[in-house]
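# Coordinates in review
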Amino acid sequence: PGAGKGTQAALIKEAYNIKHISTGDMFRKAISEKTPTGIEAKSYIDQGKLVPDSVTNKLVRERLSEKDCENGFLLDGYPRNLAQAEELDKILKDLGIKLDAVINVSVDDNFLIERITGRRTCTKCGASYHISFNKPKVEGICDDCKTPLISRVDDTKESYETRYNVYMTETKPVIEYYKNLGKLIEIDGSKSPEETLKVIENILGVNNG
Ligand code: ADP
Ligand code: ZN
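Quick summary incoming for the structure in this document.

The rules we used
Residues numbered from 1 in each chain as written. Chains lettered and ligands numbered in written order. Predicted model: local features only at pLDDT ≥ 70, side-chain atom pairs only at ≥ 80, totals over all residues. Heavy atoms only, no water. Buried < 20%, exposed > 50% of the residue type's maximum accessible area, 1.4 Å probe, protein only. Helix = DSSP H or I, 4+ residues; strand = E, 2+ residues; numbered from the N terminus. Arc of directions from axis to C-beta. Polar contact = N/O pair within 3.5 Å; in protein donor to acceptor, adjacent residues only side chain to side chain. Salt bridge = Lys/Arg side-chain N within 4 Å of Asp/Glu carboxyl O.

One turn of an α-helix holds 3.6 residues; hence residues three or four places apart share an orientation. Three or more residues of helix α2 (residues 23-32) are buried, namely T23, G24, F27, A30 and I31. Across the axial projection of α2, the buried residues extend over an arc of 125 degrees, all falling on one side. Those residues of α2 that are exposed and angled more than 90 degrees off the buried face are K29 and S32. Backbone geometry just after α2 places K34 at a positive phi near 55 degrees.

So this is what it looks like as structure tokens:
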């Protein structure tokens, strides 16, 4: 959390013209629309815990089955534990899709609190900004859709600590899983978003359509 994966995902989506599928954004949308998924997910998210796999896996399977994913997609924030990684294998197999690569964006622990607490998010398009490192053109307003920006309910120091612990115990083993499959690309996320994107493009190959 806070490594900049959402920011990179938004840039990669543009560069490669593929769908950006963020489970966090999908949950936030479901919460704002008060759908059954949103109602179930809310208490977990507010506390910084993972939403149960049964809910998350179903959401992802349904989304990846949609027509607009046929030309490729980038998953952001999923899989977040080993059970989800195994379920993703099944989903991709069922849909006849090959996984190209897994990108691990890593940063120093001491950057993270600052990134999270200074983060401002657009509730409409999911774009994220930072009060000092990535300011919107007009303070408090999304560059893309002009919606007022908010600080996420879970972007507090307390929730961050839970999310960090969840990351260490549940998400970190996923790195090893993809390393063993030879799919893992390790990226240093402490550079600017643009520099980080260049590194990713160099490894993946620049826009192959
Ligand atoms: P961040 O990585 O900055 O915390 P995300 O938007 O990726 O932000 O996730 C926000 C919250 O949404 C998580 O803390 C978790 O509660 C929930 N969430 C997102 N993706 C998943 C997932 N794959 N499995 C379970 N919960 C998830
Ligand atoms: Zn926006």
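It is worth spelling out the side chain of S22 at this point. Locating S22 in the fold gives a position in strand β1 (residues 19-22). Owing to a relative accessible area of 7%, S22 belongs among the buried residues under this scheme. A polar atom in the side chain of S22 sits 2.9 Å from the backbone nitrogen of D25.

Inspection of the entire model under this criterion finds 18 salt bridges. Ionic pairing is found between R61 and D94, a salt bridge with its closest N-O pair at 3.0 Å. Highlighted residues: R61 in helix α4 (residues 53-64) and D94 in helix α5 (residues 82-95), separated in sequence by 33 residues. Relative accessible area serves as the criterion here: at 28%, R61 is assigned to the partly exposed category.

Note that every value here comes from positions in space, so none of it alone points to a role or purpose.
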